[in-house]
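Chain by chain, the residues run as shown.
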Amino acid sequence: MDHARRPLRWLFDRAEAALGTIFPPAWNPLVNLGALGFFFYWIITASGIYVYIFFDTGVHQAFDSVEYMTHEQWYLAGVMRSLHRYASDGLVVVMLLHLLREWSLDRYRGVRWFSWIIGVPILVLVYVAGITGYWLVWDRLAQYVAIVSTEWLDQLPFFAEPVARNFLAPDALESRFFTLMIFMHIAVPLITLVLLWVHLQRITKPRINPPRGLMVGAFLSLLALSLVHPALSQGPADLARVPGTLQLDWFYLGLYPLLEHLPGPLTWGAAATLLIILLAMPWLPPLRKPAVARVDLGNCNGCARCAADCPYAAIAMVGRSDGLPFSAEAQVDPSLCVACGICAGACPTAMPFRRASALVPGIDLPELTIAALREEVERVGRALPRDAPRVLVFGCRHGVPLDGLRGAVALACTGQLPPSFIDYVLSKDLAEGVLLTGCREAACYNRFGIDWTKARLAGSRDPQLRRRVPRERVRTIWAGRLGAARLAAAVAEFQRDLATAAPLPRPAAPAPHHLAASDA
Amino acid sequence: MREPLRWAGQTVFFVAIAAMVGLFASWPSYRQFPEDQAQIKLSLSHGAQRVEACRRLSAEEIAKLPPAERRPNTCARERLPVHVQLLVDGDLVFDEVVAPGGLAGDGPARIYRKLIVEPGQRELVARLKDSDRPGAFDYEMRAEVSLAPQQSLAVDFRADAGGFVLR
Ligand code: HEM
Ligand code: SF4
Ligand code: SF4
């Protein structure tokens, strides 16, 4: 699996970096695929409601009512019809890219199986919605869709009477069947919406709306397309004639020629196999589950910062179980925790200056503890050569690979770093500058690692980087997996600037001890 | 990159995506059926006669049945297969014996077949056998049809209408 994933991941990284040169980081379309999906869904809903007002639901009147919209009322109903079609196409595109991206980033296994599994029926329903939509126009394309769809269903041994006989000849056509399609075309998108809501249940603060600029751009391009290349019907359906040459919407109907020509057992077998593989993928093979975050009650003061920062809703604040005089304690749900460590970065007791007691914070990653991190920082810092200004780099598993990079300390996620570590590095004279790196901006693998880090450094989110830390000695570069050259350049530039920076005020007195309660 | 360049880049990006969406929403077109041919759809759903005709139950047999299910006749449910032939201008284009549907073999036999034919004057002969009477077919239809290019003609069967029907 990993061999297939890696080239695709490289491709996504490349494309994201390329788009990053023209879009601000948060606008990058590739980091907004799910949000764009929602946006297209709303456009489809709004335009769908409008065209439904003018749509005649009788099978013999439907075609003319759609023609009326397209030709008589082209300026509004016609545009709405085109928006409805093109936003649906856009939805398929962003949905498939979103699926591929989550897969290539390995964000579909382990704890994330839930979003993935719910995504699979969403995928199917989006297609059903699109196909029933093409049916309603009752033009030659609709006739083709109706006949191929029902012939395909008839390959299954479920129907006593072949469903396709409903479209045998003009006198076979019944409005009952057509009414069923209209019903499905409304019900299926509504079910999809419910599933989309379920899809996001295990994600805190999901990005549902794209940034305003991206929304405007996407909407204007759909609108322009609708005006330049309006959606048209392809002549009224006539069951006494074979449609001949058709203009297919390849996004929704691209597989129809195959359904039409390949044997039923093959197409049904392929569809079922694909579905089963998609559903089984989170366990093919399962993610090696890292040890989840662990709460140490003796050090937890119930401040709830970890719960506020966890991107996966894995921490609940519950009643105190140990009698300490705090109102709550943190509790980790192991089935939701991905071991990103962002909670440890948020905990006020993850304080490297603490010497009196062993360095055990209120919450910690067993496989990469804050205590181990401090040891690593000291080891790496001491090994930095003094012939140039020393820069200590904090990075993560999802950014530039750090193995073999001198002066680098790898975290589970950059958001795992308590800001006091920066203070620690500088005041313990382990380096002259601290550089934080990680994923590409707005594309954090753990969703909020970068956002929280930036806010902690800026002093707008607890725990904050102390004011005494000289800001010119702390830099960030969100370089991403392919950003090794950018990172190296940033280190070199930082070293140059540090050579001329004001000298660090070395603390005369030992740093004060911060304890959880006093800091809260 | 400088700001105006970025705006230009974004515009190019959106135009390219919109063009891509617009393009594949209708292109390339697909030749679903050759324009110079016609189609015959042979489709029917017909229950053949039962394998065994109904017979009267004897008094002892009736007595053995639970009281609620006592009835004078018994009818085996299984049906015979249906044999259908279609000839176009004397050529046998369809000749199949189709088993009855349903798990117990008690349902209608179903046929759904699309045939491509040259347009023009055609002589159709359709035959169907749904009994175990030896020899000839039970139903036969002969028809002269004139098929236009791209026309779709359905050959259906309705026992209650006396046999084959063209639709
Ligand atoms: C209409 C279609 C869909 C929409 C609108 C949609 C939307 C979203 C959104 C908004 C998120 C949250 C992203 C974030 O805030 O970081 C998300 C996450 C996710 N989606 Fe979808 N989705 C769709 C279909 C699918 C499909 C078909 C799959 C795969 C089968 C899928 C797999 C996932 C996974 C695995 C995540 C979790 C990512 C994580 O935990 O970091 N989605 N989706
Ligand atoms: S390690 Fe990450 S996912 Fe687990 S509880 Fe901490 S913040 Fe949440
Ligand atoms: S003290 Fe640490 S573990 Fe306890 S609630 Fe606060 S952040 Fe979470």
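The coordinates are above.
Values in this document were obtained by computation on a predicted structure and should not be read as measured data.

Turning our attention to the environment of A:Pro389. Within the fold, A:Pro389 resides in the loop between α14 (370-383) and β6 (391-396). Setting aside its immediate chain neighbours within four residues, A:Pro389 contacts A:Glu432, A:Gln495, A:Leu498 and A:Ala499.

Residue and element names in this part refer to chain A. In this structure, Phe40, Trp135, Trp138, Phe167, Phe178 and Leu253 are the most contacted members of the largest nonpolar core, which totals 89 residues. The leading source of residues in this core is helix α5 (residues 113-136), at 14 residues. Residues contacting Phe40, with those up to four places away along its chain left out, are Ala87, Gly90, Leu91, Val94, Ala218 and Leu222. Counting 31 residues, the second-largest nonpolar core is a separate cluster that includes Val111, Ile315, Ile363 and Phe448.

Throughout the structure, instances matching the rule amount to 29 aromatic pairs over all chains. Where B:Phe157 meets B:Phe164, the ring centres are 5.1 Å apart and the plane angle is 75 degrees; that geometry is what we call edge-to-face. Here B:Phe157 matches B:Phe164 in class, with each residue buried. In textbook terms, an aromatic cluster arises when at least three aromatic residues are bridged by ring pairs, as seen for A:Trp135, A:Trp138, A:Phe167, A:Phe177 and A:Phe178. In this structure, A:Arg107 is placed above the aromatic ring of A:Tyr445, and the distance from its NZ or CZ to the ring centre is 5.6 Å. It is A:Arg202 that lies over the ring of A:Phe114; its NZ or CZ is 4.6 Å from the centre.

Moving on, we get to the sheet that holds β6(A). All names here are of chain A. An order of β7-β6-β8-β9 is seen for the 4 strands of this open sheet, with the pairing classed as parallel. Each edge of the sheet is formed by a strand with only one pairing partner; in this case those strands are β7 (408-411) and β9 (474-477). Each strand of the sheet is rotated relative to its neighbour by a mean of 20 degrees, with strand direction disregarded. Relative to β9, strand β8 (residues 433-437) runs parallel, the two sharing 4 bridges. Across the sheet, Leu435 pairs through a bridge with Arg475, a residue of β9. Sitting on the sheet, α14 touches β6 and β7, and the angle it makes with β7 is about 160 degrees.

Cut-offs used in this document
- All residue numbers refer to position in the chain's written sequence, counted from 1.
- Key to labels: chains lettered from A, ligands numbered from 1, both in the order written.
- Only residues with pLDDT of at least 70 are given local features in this predicted model, and only at 80 or more are side-chain atom pairs given and counted; all residues enter the totals for whole chains, interfaces and linings.
- Side-chain calculation: all heavy atoms of the structure are included, whereas hydrogens and water are not.
- Secondary structure is summarised from DSSP: a helix means a run of H or I of at least four residues, a strand means a run of E of at least two, and numbering begins at the N terminus for each.
- What makes two residues a contact is simply this: any of their non-hydrogen atoms within 4.5 Å.
- Only buried residues count toward a nonpolar core, which is a set of Ala, Val, Leu, Ile, Met, Phe, Trp, Tyr and Cys residues joined through side-chain atoms within 4.5 Å.
- Between buried and exposed lies partly exposed: a residue is buried under 20% and exposed over 50% of the maximum accessible area for its type, with that area taken using a 1.4 Å probe on protein chains only.
- Planes of paired rings set the category: under 30 degrees apart is stacked, over 60 is edge-to-face and the rest tilted, where pairs are Phe, Tyr or Trp rings (Trp by its six-membered ring) whose centres lie within 6.5 Å.
- Put simply, a charge is over a ring when the Lys NZ or the Arg CZ is close to the ring centre, within 6 Å, and near the line of the ring normal, within 35 degrees.
- Should DSSP find at least two bridges between two strands, the strands are regarded as paired.
- Helix axes are fitted only over the stretch in contact, all axes being lines through C-alpha atoms; the angle between N-to-C directions runs from 0 to 180 degrees.

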